[in-house]
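# Summary of structural features
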Amino acid sequence: MAAYVLPVSQKFINGVPVPQGRKTLRMKEKYIILLVFVTFGLVCFGAFFFLPDLRDRVRLNNIRGVDEMIIPRGGIDKGQVLKHDDDHAHLKGERQNFLVQVGRDRDLAKELNMPKQEAEKHKESIDMEKKKLADQLKVEKERKAEEEKAKERKVETEHEGGEGGQGGEPSDPEVRKKRDKVREMMKHAWDNYEKYAWGANELRPISKRGHSASIFGSLSLGATIIDAADTLYVMELMDEYKKARDWIATSFNFDGANELSVFETNIRFVGGLLSLYALTGDSMYKRKAIMVADKLLPAFNTATGIPQSMVNTKSGSARNWGWASGGCSILAEFGSFHLEFVYLSEISGNTVYRDKVMKIREVLNSIEKPNGLYPNYLNPKTGRWGQSHTAIGALGDSFYEYLIKSWLQSGKKDKIAKKMYDEAVQAIADKLVKVSPGGLTYVAEYKSGRLENKMDHLGCFAGGMFALGAKYSDDEEKYMNLGAGISNTCHESYKRSETKLGPEAFRFDGNTEAKSIRQNEKYYILRPEVVETHFYMWRLTKEEKYRDWNWEAVQALERHCRTDGGYTGIRDVYQSSPSQDDVQQSFFLAETLKYLYLTFSEDSLIPLDKWVFNTEAHPLPIQGANTVIEKKEK
């Protein structure tokens, strides 16, 4: 290949040969570039000195961040006064003027040519006003929200329900701490039920799942929700109460075939719903109570009118427990409808419920009582007593309290109930009340012609009952002393155990006093009867020891029954570290915690001259002393 040789005169720029003809071209390019720079400089100079400063317009636009309701995204017409919603109608005076001026400033921003230093001051002024306005709006919103809450609380506390359903905060700070502790226990029990067993009948707090006893049948009826709701209300746990109320209104029903206990359904479900109606005046609860009670009515279709123990809520068939003395009904069960059914007739205008319990009253009043005592079994077909067994504990207990409470509920007009009560407690005092060698008063059981020196935890309610009826008896001192004696003995049954919780039953045999000797009597399942009696004794005597005894029970419950998932019963109260049964009974929330809370409250909370408690601790109003004004269902 031949070599290419450049001419000697060839010019090089950066090593690249440049033709000689481009020299003139490069000079023209330089002039053009210079002209561009000169023009750009003139434009910048003019913009800086002659165009308005728009920085303040940007800053004013940012004021929209204060509140979109104050300065809308669409801007404000010149001179327009802002339109406010109801939450901002209170803005007047300087704040109103400020907002109008802001609107004007935004529209006039184009005409302003504010020096930089003055613009900065203007921005700071606006920022300060913006913060001041935001703070004022926040305060106003909080005030209005608090006013709305106050109105809501007023409706709920001065509500259209009965008197004394909330409040009762003690003035003594130490007592208030104890009450707050019981309230915290209730919240712990409820929160875990809600978390692990919502809608189920009860909670297993250790395995953290739902539980159902045979008394509820096979369906999940939310027994804990209905049993606990009035306690939530009384304790003013209103968020929890409202959730319970919503579930009852929307989810609680008796659809489906289900065989359940007539007695337990009445005292927990009917009693709980009626109590909620009485406390709040909410007509929804009345409607639900009627629904449940109507499902129980077929159990009363017997030759005597004495109801049977179990009913199928779909078919209406009823039967008695197979173990109950040859097909008999049980005194505590058929004798514990009066409070609920009389009140239900009163508020519904339907006499069928009252008629059912008055028929029971007629049978029991007319039948002969052996030695003046009421045996625990009665045949609903023949109207004759069954096995000769009388007890103020299991199988008999709540029948007696319903006699005195029916009289109180009636405004002291139910003379037959008062007569039956006076005769019954006189016979009990004469034939069953004993004093141990150690000076402990107890109520023995009568079985087939002999006394059994045994008392149930269930029977410990009687101390409060004797005291409640004492002032209306012929011998007030006698029955107050009897109530105090029972209360002391039941406290001793707690004190003499390792856990400081009482056994299911305790005996007075030989050297044994107020202690269990049988393994199947040593358990404690969160029962309320002992703290119930201490509550009544406190209310009626104001002796500080009864509050102290219930505080001891609180501490024992916390030590041995509290778990991460709620509260559980224990299998042996005489062991320092007892095994636990993994059941949080619904009555723990309905009764035990309610009576403990009331013990540390003022008497104005559920006053005893305006309310009576059913045997599940659901308060019902006394006629003539406590009027319920109904609210229509929401």
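Remember, it's a predicted structure, so these values are computed and weren't measured experimentally.

### A look at the overall build of the protein chain
Of the regular secondary structure elements, the protein chain holds 19 helices and 20 strands. Within the protein chain, counting contacts between residues at least 6 apart in sequence, those at least 24 apart form 68% of the total. Carbon and sulfur atoms make up 51% of the accessible area of the protein chain, which amounts to about 29,500 Å² in all.

### Remarks on the sheet that holds strand S7 (residues 318–319)
Spatially, S5-S6-S7 is the arrangement adopted by the three strands of the open sheet, whose pairing is antiparallel. Every interior strand has two partners, whereas the edge strands, strand S5 (259–261) and S7, have only one. Where S5 lies against strand S6 (residues 310–312), three bridges are found, and the strand directions are antiparallel. Within the sheet, the bridge partner assigned to Leu-260 lies in S6 and is Val-311.

### Let's talk about the side chain of Asn-379
Position of Asn-379 relative to the elements: it lies in the loop between strand S9 (377–378) and strand S10 (389–390). Residue classification places Asn-379 among the buried positions, given a relative accessible area of 17%. Among the polar contacts listed, one links the side chain of Asn-379 to the backbone nitrogen of Thr-382, at a separation of 3.3 Å.

### Observations concerning unusual backbone geometry
A positive phi is found at Asn-371, a non-glycine position, where the angle reads about 60 degrees. With respect to the helices and strands, Asn-371 occurs in the loop between helix H12 (352–366) and S9. Despite not being glycine, Asp-582 has its phi angle at roughly 65 degrees, a positive value. Within the fold, Asp-582 resides in the loop between strand S18 (566–567) and helix H19 (586–599). Overall, Asp-582 belongs to the buried group, its relative accessible area being 11%.

### Describing the sheet that holds S10
Spatially, three strands are ordered S10-S13-S14 in an open sheet, and the strand pairing comes out antiparallel. Of all the strands in the sheet, the pair left with one neighbour each is S10 and strand S14 (450–452). In terms of strand pairing, strand S13 (residues 445–447) meets S14 through three bridges, oriented antiparallel. Directly across from Tyr-446, in S14, lies its bridge partner Leu-451.

### Brief notes about helix H18 (residues 544–560)
Look at H18: 25 Å from first C-alpha to last across 17 residues, which is about the 24 Å you get at 1.5 Å a residue. Where the residues of H18 are buried, they touch helix H5 (173–197), helix H16 (476–495), helix H17 (529–541), strand S17 (562–563), S18 and H19.

### Let's talk about empty space enclosed by the protein
Within the structure shown, the criterion is met by four cavities of 30 Å³ or more. Empty space within the largest cavity amounts to approximately 130 Å³. The wall of the largest cavity is formed by 13 residues, among which Gly-335, His-338, Ile-360, Arg-361 and Phe-399 lie closest to the centre. Among the secondary structure elements, those contributing two or more residues to the lining of the largest cavity are H12 and helix H13 (397–409). A breakdown of the residues in the lining of the largest cavity according to their chemical character gives nine nonpolar, three polar and one charged.

### A short note on the layout of surface pockets
Quantified by volume, the largest pocket comes out at close to 1,100 Å³. Along the walls of the largest pocket sit 40 residues, with Glu-264, Ala-394, Leu-458, Glu-504 and Arg-527 positioned nearest its centre. Looking at the lining of the largest pocket, the elements with two or more residues in it are helix H8 (262–280), helix H10 (331–334), H13, S13, strand S15 (454–456), H17 and H19. Among the elements that take part in the lining of the largest pocket, H8 stands out by supplying four residues, more than any other.

### A closer look at the packing of H13 against helix H14 (residues 415–431)
At a minimum axis separation of 8 Å, H13 and H14 run at an interaxial angle of 145 degrees. Two packed elements cross with a definite hand, and for H13 against H14 that hand is left-handed. On H14, the residues that touch Tyr-400, Leu-403, Ile-404, Ser-406 and Trp-407 of H13 are Lys-415, Ala-417, Lys-418, Met-420, Tyr-421, Ala-424 and Ile-428. Residue classes in the contact of H13 with H14 are distributed as nine nonpolar, one polar and two charged.

### Topic: the state of the cysteines
Tallying each qualifying case throughout the model produces one disulfide. Here Cys-460 pairs with Cys-490 through a disulfide, and the sulfurs are 2.1 Å apart. Residues Cys-460 and Cys-490 are joined through a disulfide that is left-handed, its torsion about the S-S bond being -95 degrees. Of this pair, Cys-460 sits in the loop between S15 and helix H15 (462–470) while Cys-490 sits in helix H16, placing them 30 residues apart in sequence. What makes Cys-490 buried here is its relative accessible area of 1%.

### A short note on the pattern of salt bridges
Applying the stated criterion across every chain yields a total of 31 salt bridges. Salt-bridge contacts for Glu-452 lead to Arg-507; the nearest nitrogen and oxygen are separated by 3.0 Å. Here Glu-452 is found in strand S14, whereas its partner Arg-507 is found in strand S16 (residues 505–507), with 55 residues between them in sequence. Of the two residues, Glu-452 and Arg-507, both sit in the buried class. Between Arg-562 and Glu-558 there is a salt bridge whose closest N-O contact spans 3.0 Å. Overlapping salt bridges bring together Lys-181, Glu-184, Glu-558 and Arg-562 as one network.

How each quantity is defined
- Residues numbered from 1 in each chain as written.
- Predicted model: local features only at pLDDT ≥ 70, side-chain atom pairs only at ≥ 80, totals over all residues.
- Heavy atoms only, no water.
- Helix = DSSP H or I, 4+ residues; strand = E, 2+ residues; numbered from the N terminus.
- Contact = heavy atoms within 4.5 Å.
- Areas by Shrake-Rupley, 256 points an atom, 1.4 Å probe, with all protein chains shown as cover.
- Pairing = 2+ DSSP bridges.
- Buried < 20%, exposed > 50% of the residue type's maximum accessible area, 1.4 Å probe, protein only.
- Polar contact = N/O pair within 3.5 Å; in protein donor to acceptor, adjacent residues only side chain to side chain.
- Expected span 1.5 Å × (residues − 1).
- 1 Å grid on protein atoms, 1.4 Å probe; cavity = no way out; pocket = protein on both sides within 12 Å on 5 of 7 lines; lining within 4 Å.
- Points joined across faces, edges and corners; volume = space filled by probe spheres on them.
- Nonpolar A, V, L, I, M, F, W, Y, C, P; charged D, E, K, R; others polar.
- Axes fitted to C-alpha atoms, helices over the stretch in contact; angles between N-to-C directions.
- Left-handed = near helix turned anticlockwise from the far one by under 90°.
- Disulfide = S-S within 2.5 Å.
- Salt bridge = Lys/Arg side-chain N within 4 Å of Asp/Glu carboxyl O.

By themselves, these observations are geometric and do not establish any function.
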